[in-house]
Structures are given as C-alpha cells and as structure tokens.
Amino acid sequence: GNHTELKFILLGITDTPWAQAPLFMLFLLIYVVTLAGNIGLMVLVWVAPSLHTPMYFFLAHLSLADVCYSTVISPKMLAALLFGDKTISWAGCVTQFHLFAVFATAECHLLAAMAYDRHVAVCHPLRYVTAVSPRACWQLVAWSYLVASLSALIYTGCTFGGSFCGPRRVDHFFCDAGPVLRLACSDTRGSEAAIFALAAANGLGTSLAVLLSYGRVLRAVLGMRSAPGRARAFRTCASHLASVCVFYGTLLFMYLQPACRHGSRDKVASVFYTVVSPVLNPFIYSLRNKEVKAALGK
C-alpha cells in the first residue's frame, strides 16, 4: 500500500542548466532516427518478399526490441530535459525497469540467434535450409522472449521487492537496478547477488555464443580465395562485431561490477546501450546490405 504512493526523482544525466537544451535536441534527434530506422526496417522486411529470409526475420525482431526499450526510456528522459519534471511514480518506475529488462535481455538472445544464423550460412551452407528452417527461427525467437520475460520478473522482484526510505532520489536517467537498490532500507546483498548471477548467465552466455560464432565465420572468411570477397565479408563481420561489443561491453560493465564500484561513469555506459546501440543497429546490420537497398528501391 505504501509502495503505490511512493514517488522517485530521477536526477537525470546532468543537472547543469545550460546543458539541458543541447542534450534534449541531441537525444530527440537520436530517438527520431531510432524510430524511423527500426520501424522502417520492420515494414520493409514485412512487405518485401526478397527479405523473407531467416537473417532479416531476426533483424526485424531486433529492431522491435530496439524500438520498445528505447521508447520505454527516451520519452521520460526527454520530458525531464525539456520540462524539468523528474518525478516518477513507484508503479511507473517498476514498469519502466521491467519492460527495459524484458527487451534488453531479449536483444542479447536475438544477437546470439543472429550470430548462429551467420555461422551456419557461412560455415555450413549445405545445411542452412534445414538448420535454420522457419520453425527453427520461430523457436529461437520464442525462446528469446520467454527467457527475457522470466528473467525480467526476477530482476524486477529483486529490485523492488524490499522497502524504500531516504530521499528517494535515483541517481540515473531511468529506473535501473543499481541506483534503485541503493535507496532500499533492507539488506540488498541477496538481491544484488541474484541480479549479478542472472545477468552473468544471460550476458556472458549469449556474448560467448556470439563471439564463438563470429570467430568461426572470420576463420572461414580468411580462407576465401577471392580477395575482394574476403575484404567485403571481413568488413561486414567487423562492423557487426563493433556493434555487438558496444552493446555487450557497456551492458556487462553496468551489471557485472560490484555495487561499491558504481559511480558517475554508469550514466555514460548506460547511454551507449539504451540510446546509441538502437540507433546504430539498422545502419550496421541492414542499410549497408545490397538486398535491403534493392528492396528499398523497389
């Protein structure tokens, strides 16, 4: 009952007055481009028969995850920068964190599914049709959302299950686990350990699958006889790995460090996986591909 009356104050990225307007314009531009790029890609995959392949099926769901967790965070952040209203209700805070946890965790598993798809396509092309069948694609996507939903329930329960006291000032631009747990009155060591273990299982497990898959792809690429084809494939893999490293590196930095080491750098790291990564993914994974350009032209 008391929880429903709670209100938190999100301190935001910075409290410097002269920085509010430039940051608002920057993040508004990024958010608009994120929506346009990802929603445009989803529509394109849906209407273009040439893109009805496993790779673009996974990319469409990756775009959906990007749109969803960007929309969970960015509008509230933009409103705080523009109007200065930094309060958020307990229910709003719980909802924001839970939805963010669902779609961010789903993205980890979708990136692993995409890496598996590329590994089979390059290293085992004769088995591709059977190994990455439509049924297998739906199973991988369903698994991603199922694991993400169950994990998010645990993350949310551990974060908001205790009692809160003090100033209720969340030193972040959205309701994240670490800053919220620092406001709890009760002992949070068990919750922090559970979040750490689950984040390690989801983050390290899927990142290891991504790195192993792309490692085998790169080994196959380096064995190609055609120098132009090798260079083109290498550039593609390198750009994919760069995007993956930005997302996983900052995400794991946030959730796999001890609570005592959290500080001002957390906000910078969070900007990369909540704001920068969603706007980069359509350009890195799709808009540089000939198939997407041809479908867009038609």
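That block above? That's the structure.
Once a new chain begins, its residue numbering starts again from 1 and follows that chain's sequence as written. In view of the model being predicted, local features appear only for residues whose pLDDT reaches at least 70, and side-chain atom pairs are presented and counted only at 80 or more, with totals across whole chains, interfaces and linings using the full set of residues. Hydrogens and waters are ignored; side-chain quantities use all the structure's heavy atoms.

*Asks:* Help me out: how do you make sense of the overall build of the protein chain in this one?
*Replies:* If you tally the helices and strands in the protein chain, you get 11 helices and 3 strands. To qualify as a helix, a DSSP run of H or I must reach at least 4 residues; to qualify as a strand, a run of E must reach at least 2; elements of each kind are numbered from the N terminus. Going from the N terminus to the C terminus, the protein chain shows its helices and strands as α-β-α-α-β-α-α-α-β-α-α-α-α-α. The quantity called the radius of gyration is restricted to C-alpha atoms. Its globule counterpart is 2.2 Å times the number of residues to the power 0.38. Radius of gyration (C-alpha) of the protein chain: 20 Å, near the 19 Å computed for a compact globule of 298 residues. Based on the C-alpha atoms only, the size of the protein chain along its principal axes is roughly 65 × 40 × 30 Å. Relative accessibility thresholds used throughout: buried, under 20% of the residue-type maximum; exposed, over 50%; partly exposed, between the two (1.4 Å probe, protein chains only). Counting all 298 residues of the protein chain, 50% fall into the buried class. A separation threshold of at least 6 residues defines the contact pool for the protein chain, and within that pool the share at least 24 residues apart is 78%. Two residues qualify as a contact provided that any one of their heavy atoms is within 4.5 Å of a heavy atom in the partner residue.

*Asks:* Mind showing me how you'd approach the sheet that holds strand β2 (residues 87-89) here?
*Replies:* Only strands joined by at least two bridges in the DSSP assignment are considered to pair. Spatially, β2-β1-β3 is the arrangement adopted by the 3 strands of the open sheet, whose pairing is mixed. With partners counted over all chains shown, the strands left at the sheet margins are β2 and β3 (169-170), one partner each. Sheet topology places strand β1 (residues 7-10) next to β2; 3 bridges connect them, and they run antiparallel. By the bridge assignment, Lys7 is partnered in β2 with Ser89. Interaxial angle, 0 to 180 degrees, is taken between N-to-C directions of lines fitted to C-alpha atoms, where a helix line uses only the stretch in contact. Taken strand by strand, helix α4 (residues 90-123) contacts β1 and β2, and its axis lies near 85° from that of β2.

*Asks:* Could you clarify how one ought to interpret the pattern of salt bridges in this entry?
*Replies:* Once the charged atoms of two side chains with opposite charge are near each other, the side chains can pair. Each reported salt bridge corresponds to a side-chain nitrogen of Lys or Arg within 4 Å of a carboxyl oxygen of Asp or Glu. Counted according to the given criterion, the structure contains 3 salt bridges. Here Asp117 and Arg118 are joined by a salt bridge, their closest N and O atoms 2.9 Å apart. Classification of Asp117 as buried rests on a relative accessible area of 1%. A relative accessible area of 22% places Arg118 in the partly exposed class. Measuring nitrogen to oxygen at the nearest pair gives 2.9 Å for the salt bridge that ties Asp171 to Lys267. Of the two residues, Asp171 is situated in the loop between β3 and α7 (177-181) and Lys267 in helix α10 (residues 265-285); the sequence distance between them amounts to 96 residues. Owing to a relative accessible area of 38%, Asp171 belongs among the partly exposed residues under this scheme. The class of Lys267 is buried, set by a relative accessible area of 13%.

*Asks:* Even after reading the chapter, I still don't get the environment of Val268, so can you show me in this structure?
*Replies:* Tracing the backbone shows Val268 in helix α10. Residue Val268 is classed as exposed on the basis of its relative accessible area, which comes to 51%. The sequence separation of Val268 and Ile13 amounts to 255 residues, and the corresponding C-alpha distance is 8.3 Å.

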